[in-house]
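Structural features, examined
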Amino acid sequence: MTQIDQRRSWIASANGHPDFPLQNLPLGIFSPVGGTPRGGVAIGEQILDLKVATTTGLFEGEAADAARVAAGEDLNAFFALGANARRALRRQLQELLAEGSPAQARLEALGAELLPAAVDCQLHLPARIGDYTDFYVGIHHANNVGRLFRPDNPLLPNYKYVPIGYHGRASTVCISGTPVHRPNGQTLPPGAEVPNFGPSKRLDYELELGIWIGRGNAMGEAIAIGEAEQHIAGYCLLNDWSARDLQAWEYQPLGPFLAKNFATSVSPWVVTAEALEPFRTAQPARPEGDPQPLPYLLDANDQARGAFDIKLEVLLQTAAMRERGQQPQRLALSNTQHMYWTVAQLVAHHAVGGCKLQPGDLFGSGTLSGPEADAFGSLLESTFGGKQPLSLASGEQRTFLESGDEVILRAWCEGEGRVRIGFGECRGRVL
């Protein structure tokens, strides 16, 4: 049985922190006041500045090399180092930051130079994103959306054989907090034969898990399912903003285009596989009668430990709620256990035809809805295609997003006897 890590940190704000205790240590890119972008590690309410830390001489061996690479202006080169370097850096960071660390006095003496307050820092995208692929692995979402358009046949025959995905637009992936412009495009009003042009009236969010790719593969070479996890650098939250009216008109026959390419928000911190390890679980058994994955997508170890137990939350704060001082209202609470395919299966499928994956590529899981209405990960589902408005505690109603609405995604892992870890927030406000 794996020993439960209950260690505490000499950084007081880390102990009991809902997202960033010693057991998490996610990496990201930040700028301190007056400084340039560089790598950092979230710990409580502070950020450990890796650029400063590498000058202390505290890191040794592989961890020292990893820290120097991670201290750069993006994490692409660090992602490329792979799992061994990431684990070496994590081990030494936990030793340095744990209660009783011999280095405590030396690190404390560096003060805010080493550990600036997170609230004073600017956060950036963790990596230069070469390519972005959005999948569709939330089976409840796929069923719910399918029923809106095909009530008698919600899932198309390929869904249970192949992880469905499309290539998105990497240039408009943005960091949490970036305002979202309502997109313009063509829509076909009910009963009309000629489309209109103008701003989307059915703007929506999508609750997703983001997956950062680490080591890549050569063009023409597949990634075996049993090795796929070695190509994953970490995870984040992802909101794939969607213009449903544009999407309904344009998606046939080639799928999403303008309805999806105007903005995709991600949370700034990369939560590693090592931090999530205590919260792994078996991939949920497929319902009776569902086909088994084809051999290139099936690995016994991946099925035994390929799922995560991560709670996923969507909150909404309208402009009126902010003016009245009202807190954001929860719209949904879901879980990554509703993924029909594992992350390893997504990597293996993406590369099986010879596609070249590269460090810093980003995957979206697709909307991760649960089976009940209070776990639906989009307004398209929650309002049944806009037919049943949601009533908010503020007295307002919503079918789709209005100007001034701010969508907030949160995620965390917790379990009996285990220290809770979280992802931070992924925010976006509609202009």
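Residues numbered from 1 in each chain as written. Predicted model: local features only at pLDDT ≥ 70, side-chain atom pairs only at ≥ 80, totals over all residues. Heavy atoms only, no water.

With an unreviewed UniProt entry as reference, the protein is termed fumarylacetoacetase, source organism Pseudomonas tohonis. You can read under Pathway (unreviewed entry) in the UniProt record for the protein the words "Amino-acid degradation; L-phenylalanine degradation; acetoacetate and fumarate from L-phenylalanine: step 6/6." As recorded by UniProt, the Sequence similarities (unreviewed entry) comment attached to the protein reads in full: "Belongs to the hydratase/decarboxylase family." (UniProt positions renumbered as here; feature names shortened; annotations may be inferred.)

**Focus: the UniProt feature "binding site: substrate" (unreviewed entry) in the protein**
Per the UniProt record, "binding site: substrate" (unreviewed entry) is annotated on Tyr136, Arg150, Gln247, Tyr251 and Thr367. Within the annotated group, the residues that form the lining of the largest pocket are Tyr136, Arg150, Gln247, Tyr251 and Thr367. Mapped onto the elements, Arg150 comes out in the loop between helix H6 (139-149) and strand E6 (165-167). (1 Å grid on protein atoms, 1.4 Å probe; cavity = no way out; pocket = protein on both sides within 12 Å on 5 of 7 lines; lining within 4 Å. Helix = DSSP H or I, 4+ residues; strand = E, 2+ residues; numbered from the N terminus.)

**Quick word on the sheet that holds strand E22 (residues 406-413)**
On the basis of which strands lie adjacent, the open sheet formed by four strands has the order E18-E17-E22-E23 and antiparallel pairing. Strands with a single pairing partner mark the edges of an open sheet, and in this sheet they are strand E18 (329-335) and strand E23 (421-429). Direction aside, neighbouring strands of the sheet carry axes that sit 15° apart on average. Where strand E17 (residues 311-317) meets E22, seven bridges bridge the pair, whose relative direction is antiparallel. Counted as the bridge partner of Leu316 is Val407 from E22. (Pairing = 2+ DSSP bridges. Axes fitted to C-alpha atoms, helices over the stretch in contact; angles between N-to-C directions.)

**As for the nonpolar core**
In this structure, Tyr235, Leu276, Ile310, Leu401 and Phe423 are the most contacted members of the largest nonpolar core, which totals 64 residues. Per element, the largest residue contribution to this core is six residues, and it comes from helix H11 (residues 343-351). Once residues lying within four places of it in the same chain are set aside, the contact partners of Phe423 are Asp19, Phe20, Leu209, Tyr235, Cys236, Leu237, Ser267, Val271, Leu276, Ile310 and Ala411. With 45 residues, the next largest nonpolar core counts Ala53, Leu93, Ala103 and Cys236 among its residues. (Core = buried A, V, L, I, M, F, W, Y, C linked by side-chain atoms within 4.5 Å. Buried < 20%, exposed > 50% of the residue type's maximum accessible area, 1.4 Å probe, protein only. Contact = heavy atoms within 4.5 Å.)

**As for the domain arrangement of the protein**
Accessible area lost during the coming together of the parts is what is often quoted as the interface size. Split into domains, the protein comes out as domain 1 (12-124) and domain 2 (132-430). For domain 1 and domain 2, the distance between their C-alpha centroids amounts to 29 Å. When domain 1 packs against domain 2, the two sides together hide about 2,100 Å² of surface, and 61% of this comes from carbon and sulfur. Summed over the three residues of domain 1 that lose the most area to domain 2, namely Phe79, Arg86 and Leu123, the buried surface amounts to 29% of that side. For Arg87, the salt bridge goes to Glu274, with nearest N and O atoms at 3.0 Å. Linking domain 1 with domain 2 are seven residue pairs in polar contact (both at pLDDT 80 or more). (Domains from an automatic or database assignment. Buried area = accessible area lost by both parts, 1.4 Å probe. Salt bridge = Lys/Arg side-chain N within 4 Å of Asp/Glu carboxyl O. Polar contact = N/O pair within 3.5 Å; in protein donor to acceptor, adjacent residues only side chain to side chain.)

**Regarding the sheet that holds strand E14 (residues 264-266)**
Adjacent strands of a sheet pair through backbone hydrogen bonds, lying either parallel or antiparallel. A sheet is described by the order of its strands in space; here seven strands give the open sequence E6-E5-E19-E11-E12-E14-E7, paired in mixed fashion. Each of the sheet's edge strands pairs with one partner strand only, and the pair in question is E6 and strand E7 (173-175). Looking at each pair of strands side by side, their axes are set apart by 30° on average, direction ignored. Here three bridges tie strand E5 (residues 132-135) to strand E19 (residues 362-364), and the two strands are oriented parallel to one another. Pairing of Asp134 across the sheet is with Gly364, part of E19.

**A few points about a nonpolar patch on the surface**
Together, Tyr161, Leu294, Tyr296 and Val352 line one region of the surface with nonpolar side chains, adding up to about 350 Å² of accessible area. Mapped onto the fold, Val352 is located in the loop between H11 and E19. (Patch = residues over 30% accessible without salt bridge, like charges linked within 9 Å, V, L, I, M, F, W, Y side chains within 5 Å. Areas by Shrake-Rupley, 256 points an atom, 1.4 Å probe, with all protein chains shown as cover.)

**Re the UniProt feature "active site" (unreviewed entry) in the protein**
Per the UniProt entry, the sites bearing "active site" (unreviewed entry) are His141 in this numbering. By relative accessible area, His141 is classed as buried at 2%. Residues contacting His141, with those up to four places away along its chain left out, are Tyr136, Glu206, Arg244, Thr367, Ser369, Ser378 and Glu381.

**Focus: the side chain of Gln94**
Its place among the elements puts Gln94 in helix H4 (residues 83-97). The exposure class assigned to Gln94 is buried, which follows from its relative accessible area of 7%. Those residues within four positions of Gln94 in sequence are excluded, and the remaining contacts are Asp5, Arg7, Leu22, Gln23 and Leu25.

**Re the side chain of Asp405**
Within the secondary structure layout, Asp405 lies in the loop between strand E21 (397-398) and E22. Not counting residues within four places of it along the chain, the set of residues in contact with Asp405 comprises Leu316, Gln317, Thr318, Ala319, Arg398, Gly428, Arg429 and Val430.

**Side note on helix H2 (residues 61-70)**
Among the residues making up H2, those that are buried are Ala63, Ala64, Ala66, Ala67 and Ala70. Seen end-on, H2 carries its buried residues on one side only, within an arc spanning 165°. Within H2, the exposed residues directed more than 90 degrees away from the buried face are Gly61 and Arg68. Buried positions along H2 lie against strand E1 (27-31), strand E2 (38-43), helix H1 (50-53), helix H3 (76-81) and H4. (Arc of directions from axis to C-beta.)

**Some words on unusual backbone geometry**
Here the bond from Gln252 into Pro253 is cis, since omega is 5°, no more than 30 degrees from zero. Along the polypeptide, Pro253 turns up in the loop between helix H7 (244-250) and E14. Positive phi values are uncommon outside glycine, yet Phe384 reaches one of about 50°. Mapping Phe384 onto the fold places it in the loop between helix H12 (379-382) and strand E20 (390-391). Classification of Phe384 as partly exposed rests on a relative accessible area of 37%.

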